[in-house]
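A look at the structure
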Amino acid sequence: MKDFVFQNNTKVYFGKNQLQHIGDELKRYGSRVLLIYGGGSIKKIGLYDKLMEYIKAEGLQVFELSGVEPNPRHTTVNKGADICKKEQIDVLLAVGGGSTIDCAKAVSAAAFYDGDCWDLVTGKTPVTMTLPLVVVLTLAATGSEMDTGCVISNMDDRSKLGLINPQLGPKVSFLDPTNTFTVNAYQTACGCVDIMSHLFDLSYFSRQPGFDMIDRMCEELFKTIIKYAPVAIQEPDNYDARANLMWASSWALNGFLSTGIVQAPVCHAMEHELSAWYDITHGLGLAILTPRWLSYILDDTTAPAISRLGVSCFDVDAKLPPMDAARLSIERLSDFFFKTLGLKSRLSDLGIDDKNFSIMAKNACGGGELESIRPLRPTDVEAIYRLCL
Ligand code: NZQ
Ligand code: ZN
């Protein structure tokens, strides 16, 4: 286990009667608010009107950036930064899923930069200052509500990159599970895969020897998703299911379960290429990749870790030889993604063929190798993409 410092500065209001505090929280940071949201779901679910009531009751002035895309674009971030500069915005309010929150995080930094926000995302220019960010989460998935990263797409050069900086973390997040009742079965499923994948990528399959506590906690979160994802799909307004998924989303990526670990976000690196080239839903890409990646890296050294997932979470018999148990674990994980959650299982089902795999594999490896419990070279990544066809 590595030495580590753990700090998370996001204050969380969790539950169905918490939104009344939003005016007070925003007021701490100023009076000019930029409300950021996506394609309109917040209006359909009545959240927009409710928020306006609370905000206006406090005499705050609201400006808007709407239309944030799933896989948010750097051009939208630039628009938001322009509004911040022109209107002297004091505080950002992001209302939506990971895409909206990520866009808002990038806006918070770009508001202090007189150039294209893409310079900040690529690291060409360092982040110096950020505007304070308040979040109302409407989709359990990314953990962006309680982490310090954002992921922005540049469709002009087919890049989707993450920017991580402690200053990007939301000051306050409102997590009301009832705001996720309207998330459809497909997005619910994709969100649940994303939560599991954060734990696979940043903790469970990249862990350091000796960090058993983290492994055990990951397994409890996996079991929570396995139990409640189908319930939320069958009964979208089941409060307990939505609440468990929402809090699991935050804990999978708020730093607690990935500290002290050499992180190896291997499926995320491979998936971000898929969304950059084909604009697919992040969680769907992860679902298609993860079982193929596990099958590809399965050998005597990786079998114990892979089999432990099945034994602890999918009723695989602990007495089986590790290789057999690992194979069964992968099969049950696939069944969970593709049968229980009903997600498409192949890239070809999404109209994706192999013509860009070679360049995508090189990009995913960032010019070198992808670290993981088994390091991957571009030729390995390309082979994994082919297994997904
Ligand atoms: O745009 P609107 O109209 O709001 O509709 C959204 C969108 O179409 C809809 N939706 C959200 N809440 C809803 C709802 N529909 C009905 N009822 C509600 N309550 O769902 C669709 C998807 O939303 P989006 O925000 O794109 O989904 P998600 O939360 O999965 O975010 C995905 C983005 O986050 C990035 C992904 O790469 C992707 O760009 N990630 C961010 C991370 C981070 N910041 O730490 C880590 C992740 O690994 C991930 O890479
Ligand atoms: Zn993710």
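Only a predicted model underlies this, so the values are computations on that prediction, with no experimental measurement involved.

Summing up its helical and strand segments, the protein has 15 helices and eight strands in all. By the compact-globule yardstick of 21 Å for 389 residues, the protein fits well, its C-alpha radius of gyration being 20 Å. In the protein, which comprises 389 residues, the proportion classed as buried is 57%. Relative to all contacts within the protein whose residues are 6 or more apart in sequence, the contacts with residues 24 or more apart total 77%. Surface summary for the protein: the accessible area is close to 15,900 Å², and the carbon and sulfur share equals 50%.

All right, on to the side chain of lysine 105 then. Topologically, lysine 105 is positioned in helix α5 (residues 98–110). What makes lysine 105 buried here is its relative accessible area of 0%. Leaving out residues up to four positions away in the same chain, lysine 105 has contacts with Leu133, Ser144, Asp147, Thr148, Gly149, Cys150, Leu168 and Pro170.

In the vicinity of ligand 1 there are 32 residues, among which Gly98, Ser99, Asp147, Lys160 and His198 approach most closely. A distance of 3.2 Å separates a nitrogen atom of ligand 1 from a polar backbone atom of glycine 149. Within the side chain of histidine 268, an N or O atom sits 2.8 Å from an oxygen atom of ligand 1. Protein contact buries 87% of the 960 Å² of open area that ligand 1 shows by itself. For the shell around ligand 1, the secondary structure elements donating two or more residues are α5, β6 (149–154), α7 (185–204) and α10 (266–278). Here the residues of the shell around ligand 1 are counted per class, giving nine nonpolar, 19 polar and four charged. Viewed by domain, the shell around ligand 1 spans two of them, domain 1 (11–179) and domain 2 (184–387), each represented by three or more residues.

Time to look at the pairing of strand β2 (residues 32–37). In terms of burial, β2 is largely enclosed, as five of its six residues are buried. Relative to strand β3 (residues 61–65), β2 is paired through five bridges, and the arrangement is parallel. In the strand pairing of β3, leucine 34 is matched with phenylalanine 63.

Definitions and limits used
In this convention, every chain numbers its residues from 1, walking through the sequence in written order. Chain labels run from A onward and ligand labels from 1 onward, assigned in the order the entries are written. pLDDT decides what is reported in this predicted model: residues at 70 or higher carry local features, side-chain atom pairs at 80 or more are listed and counted, and totals for whole chains, interfaces and linings draw on all residues regardless. In computing side-chain values, all of the structure's heavy atoms are included and hydrogens and water are not. Going along the chain from the N terminus, every DSSP run of H or I of four or more residues is numbered as a helix, and every run of E of two or more is numbered as a strand. The size measure is the radius of gyration over C-alpha atoms, and the globule rule it meets is 2.2 Å times the number of residues to the 0.38 power. Whether a residue is buried, partly exposed or exposed follows from its accessible area with a 1.4 Å probe, protein chains only, as a fraction of its type maximum: under 20%, in between, or over 50%, in that order. For this analysis, residues touch if any pair of their heavy atoms sits within 4.5 Å. The accessible surface values rely on the Shrake-Rupley method and a 1.4 Å probe; as for residues, cover is taken only from the protein chains in view. We call a residue near a molecule or strand when any one of its heavy atoms sits within 4 Å of it. What qualifies as a polar contact is a pair of N or O atoms within 3.5 Å, subject to a donor-acceptor requirement within protein and to the restriction that residues adjacent in sequence count only when both atoms come from side chains. Gly counts as polar in this scheme, as do all residues outside two lists: the nonpolar Ala, Val, Leu, Ile, Met, Phe, Trp, Tyr, Cys and Pro, and the charged Asp, Glu, Lys and Arg. For the domains described, the bounds stem from an automatic or database domain assignment. One bridge is not enough; two strands pair if DSSP finds at least two bridges between them.

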